[in-house]
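Per-entry structural report
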Amino acid sequence: GVGNCEYRTRCDADSAGFDTRRGECCQVPTTGTSACITSIEPVSCGLPGEKQCSYANQCLAESVGFSADQCCRAVPQGIVCNSIVQPVECGDIPCVYTNQCEATAAGYSQSECCPQPVSTGCNRRLDRLACGTARCVYDNACIARNAGFDPASCVALPPLPIMTIQGDTNVTGDVTSGAAGKTATAAGIAAFLFAAVLNLV
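An account of the accompanying structure is given in this report. No experiment lies behind these values; they were computed from the predicted model shown.

Conventions used here
Residues numbered from 1 in each chain as written. Predicted model: local features only at pLDDT ≥ 70, side-chain atom pairs only at ≥ 80, totals over all residues. Heavy atoms only, no water. Salt bridge = Lys/Arg side-chain N within 4 Å of Asp/Glu carboxyl O. Phe/Tyr/Trp six-rings, centres within 6.5 Å; stacked < 30°, edge-to-face > 60°. Helix = DSSP H or I, 4+ residues; strand = E, 2+ residues; numbered from the N terminus. Buried < 20%, exposed > 50% of the residue type's maximum accessible area, 1.4 Å probe, protein only. Lys NZ or Arg CZ within 6 Å of the ring centre and 35° of its normal.

In total, this model carries 1 salt bridge according to the counting rule given. Among the salt bridges present, the one from Asp-127 reaches Arg-125, with a minimum N-O distance of 2.4 Å.

Rendered as structure tokens:
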């Protein structure tokens, strides 16, 4: 919870009104993890959109079940950044920070981060571009421009491959046409069975 209440077991936490199955609590490392306490490199761990749990380092995070790809470098305490909200995504996971100041404080250089895409005022046309030294990918030139890049300096990416859905029949095309093909096949089977029933009557 917000007050960092500590309970001995998940059952105790559930009894106190917290839902541990929905990620409302963070597991505390056990006393047997003394080998992890030598370094202070704070991380924040958890699935996107769920509660983020803070640990002094990755070793402690892994001791309670978080893998490296579930954790991001945390912004150290005492770091003061401006309140401007310009989210950036950094690293391979990627980790999201409120702005580049926080990302830098967490140990990421600007070349390792991408401004999050903002589609305001842009159409949905898919002409993907890779921009900047971090090869930030945006769906089209308008979105790249919103992220602060000059589309002329970006590299055009090849179109995404057309999806193929294989069911009772092979249908090549987009998802809609594939679904329509499978529906038509199902309708044909139903008609055949209905006709067979009529012949038996």
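This next bit is on the packing of aromatic side chains. Going through the model one piece at a time under the given rule, you end up with 3 aromatic pairs. Here Tyr-55 and Phe-66 contribute two aromatic rings whose centre-to-centre distance is 6.0 Å and whose plane-to-plane angle is 50 degrees, an arrangement assigned as tilted. Separated by 11 residues along the polypeptide, Tyr-55 in strand E2 (residues 53-55) and Phe-66 in the loop between helix H2 (58-63) and strand E3 (71-73) bring together distant segments of the chain. Taking 5.8 Å as the distance between ring centres and 45 degrees as the angle between the ring planes, the aromatic pair formed by Tyr-138 and Phe-149 counts as tilted. Of this pair, Tyr-138 sits in strand E8 (residues 136-138) while Phe-149 sits in the loop between helix H4 (141-146) and strand E9 (155-156), placing them 11 residues apart in sequence. Here Tyr-138 falls in the buried class, since its relative accessible area comes to 2%. Taking NZ or CZ as reference, Arg-73 lies 4.0 Å from the ring centre of Tyr-108, over its face.

In this section: unusual backbone geometry. Note: most peptide bonds trans; most residues except glycine with negative phi. The omega angle of the peptide bond from Ile-93 to Pro-94 is -5 degrees, so this bond is cis rather than trans. Within the secondary structure layout, Pro-94 lies in the loop between strand E4 (88-90) and strand E5 (95-97). Non-glycine residue Arg-135 carries a positive phi angle of around 55 degrees. Checked against the element boundaries, Arg-135 lands in the loop between strand E7 (129-131) and E8.

All we've got here are geometric facts, nothing functional implied.
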